[in-house]
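Chain residues, written in single-letter form:
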Amino acid sequence: MPQLARTGHAVAFAVAAAIALSIGAAHTQSMAPTNSAPNPYRTIEGFAKMPEGRIWGSTAAVDIDPDGTSIWVAERCSAQGFIPASQMREGQPFNCDGMDLDPILKFDSTGKLVRAFGKGLIVFPHGLHVDFEGNVWATDGIGRGAKGHTVHKFSPEGRLVMTLGKPGVAGDGNDVFNAPSAVFVGRNGDIFVADGHGGNTNARIVKFAKDGKFIKTWGKKGTGPGEIDGPHTLAMDSRGRLFLGDRGNNRIQIFDQDGTFLAQWHQFSRPSGVFIDKNDIIYVADSESGSVAPARTDWKRGIRVGRVSDGAMTAFIPDPSNQTSGTSAAEGVAADSMGNIFGAEVGPKRVNKYVKN
């Protein structure tokens, strides 16, 4: 490459990095609650329908099928609310372990269940991601026996293609996880795992090649730039930047795909779920402010919508429940090709659809 071209690329990269850092710094200083954006959406409750005889349990994650209108949901096998590992009892079903139910569910645009799989493979479905080829990825966040602390890749038809991590083994090595919360696959096939769920679990991002070979890891527990407390959700914008919902630190952190810290945003509140659509509109679900996180009484739970280009918030769908001590409103969030929003709710045990008025 000619020297002039190399110099031009370097200058462009430096300018882009400076803009990203300046946006991040500005929003870091802007800590006032962002509760006042308009809500141009109406709620459609009961959109996704379970087959007769099966009730909804907690739903922690939702994503969009490549067809642009169908949705995939990770459902905890009719489990009533969040069941922590401390409530695990020998010989009794725990979330999906011991249940004769499929946790990975696909619904068409009318809300009809059209596919289900994953029975017997997952203890505690947490993160869900549909890659650009239509493969479905699910994280299993709790270990029990020879299951859990893993990331599974399924074909669109439900065939198990790959498992990352050692089933039932928690750790911080290159081939194990401890409570993996989310997974995202880039266009080139590289795999990013948000490994940890707060407390004494891990607090890092682990990167793998398309074939599952370990590449690198970054992050450690803490509050500084690049440090993590509860890596709960992942998304990627059109520029290939990785957005981490650093829930314990009440912020989104933005990295390049090699782990270089670029910016941090606080204006989208406490991120349980993050989704970025093809137009670089960002959707962020806060399911804990003022309840599980009682100190954040000034911040309202709900779904915040904004622009990746400048971090501005443009809409807010508030949690209709004002008083609760548990998780409420959407934890997982996604938007289809028409701009309809879907919220997967752990506490209320449902998937809601939000359509523009």
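Residues numbered from 1 in each chain as written. Predicted model: local features only at pLDDT ≥ 70, side-chain atom pairs only at ≥ 80, totals over all residues. Heavy atoms only, no water.

**Points about the state of the cysteines**
1) Next: This model, assessed by the stated rule, comprises 1 disulfide.
2) Next: Covalent S-S linkage joins cysteine 77 and cysteine 96, the inter-sulfur distance amounting to 2.1 Å. Between cysteine 77 and cysteine 96, the S-S dihedral sits near 100°, and the bridge is therefore right-handed. With a gap of 19 residues between them, cysteine 77 in the loop between strand E3 (71-75) and strand E4 (104-107) and cysteine 96 in the loop between E3 and E4 connect regions that are remote in the sequence. (Disulfide = S-S within 2.5 Å. Helix = DSSP H or I, 4+ residues; strand = E, 2+ residues; numbered from the N terminus.)

**Side note on the nonpolar core**
1) Next: Core analysis: the biggest nonpolar cluster contains 27 residues, and Ile71, Ile303 and Ile341 have the highest contact counts within it.
2) Next: Sequence-distant contacts of isoleucine 303, defined by excluding residues within four places in its chain, comprise Val284, Ala285, Ala315, Phe316, Ile317, Ala330, Val333, Ile341 and Tyr354. (Core = buried A, V, L, I, M, F, W, Y, C linked by side-chain atoms within 4.5 Å. Buried < 20%, exposed > 50% of the residue type's maximum accessible area, 1.4 Å probe, protein only. Contact = heavy atoms within 4.5 Å.)

**Concerning the sheet that holds strand E21 (residues 313-318)**
1) Next: Judged by pairing direction, the sheet is antiparallel, and its 4 strands sit side by side in the order E18-E19-E20-E21 without closing on themselves. Taken across any chain shown, the strands that pair with only one partner, and hence form the sheet edges, are strand E18 (273-276) and E21. Sheet twist, expressed as the mean angle between neighbouring strand axes with direction ignored, is 15°. (Pairing = 2+ DSSP bridges. Axes fitted to C-alpha atoms, helices over the stretch in contact; angles between N-to-C directions.)

**Quick notes on the confidence of the model for the protein chain**
1) Next: The share of residues in the protein chain with pLDDT of 70 or more is 91%, and the mean pLDDT across the chain is 91.
2) Next: Per-element averaging of pLDDT across the protein chain places helix H1 (residues 3-29) at the bottom with 42 and strand E11 (residues 191-195) at the top with 99.
3) Next: Contacts for the low-pLDDT stretch residues 1-30, under 50 throughout, to residues beyond four places or in other chains number 21 contacts. (pLDDT = per-residue confidence, 0-100.)

**Concerning the side chain of asparagine 249**
1) Next: By secondary structure assignment, the location of asparagine 249 is in the loop between strand E15 (242-246) and strand E16 (251-255).
2) Next: For asparagine 249, a relative accessible area of 13% translates into the label buried.
3) Next: In this structure, asparagine 249 is in contact with Gly222, Thr223, Glu227, Ile228, Asp229 and His266, ignoring residues within four places of it in sequence.

**Thoughts on the sheet that holds strand E24 (residues 350-356)**
1) Next: Strand order in the open sheet formed by 4 strands is E1-E24-E23-E22, and the pairing between neighbours is antiparallel. Every interior strand has two partners, whereas the edge strands, strand E1 (41-44) and strand E22 (332-335), have only one. For this sheet the average axis-to-axis angle between neighbouring strands, irrespective of direction, equals 25°.
2) Next: Across 5 bridges, strand E23 (residues 341-345) lies against E24 in antiparallel orientation.

**Things to note about the environment of proline 103**
1) Next: Following the sequence through the fold, proline 103 ends up in the loop between E3 and E4.
2) Next: For proline 103, a relative accessible area of 1% corresponds to the buried category.
3) Next: Distance in space between the C-alpha atoms of proline 103 and isoleucine 122 is 7.7 Å, their sequence separation being 19 residues.
4) Next: Discounting residues that sit within four places of it in the chain, proline 103 has contacts with Val73, Ala74, Glu75, Cys77, Cys96, Phe117, Gly118, Lys119, Ile122 and Pro125.

**Regarding the environment of alanine 235**
1) Next: By the secondary structure assignment, alanine 235 is in strand E14 (residues 231-236).
2) Next: C-alpha of alanine 235 to C-alpha of isoleucine 281: the two residues are 46 residues apart in sequence and 11 Å apart in space.

**A few points about the pairing of strand E10 (residues 180-185)**
1) Next: Taken across its 6 residues, E10 has 6 buried, putting it largely inside the fold.
2) Next: Across 5 bridges, E10 lies against E11 in antiparallel orientation. Looking across to E11, one finds that valine 183 is bridged to valine 193.

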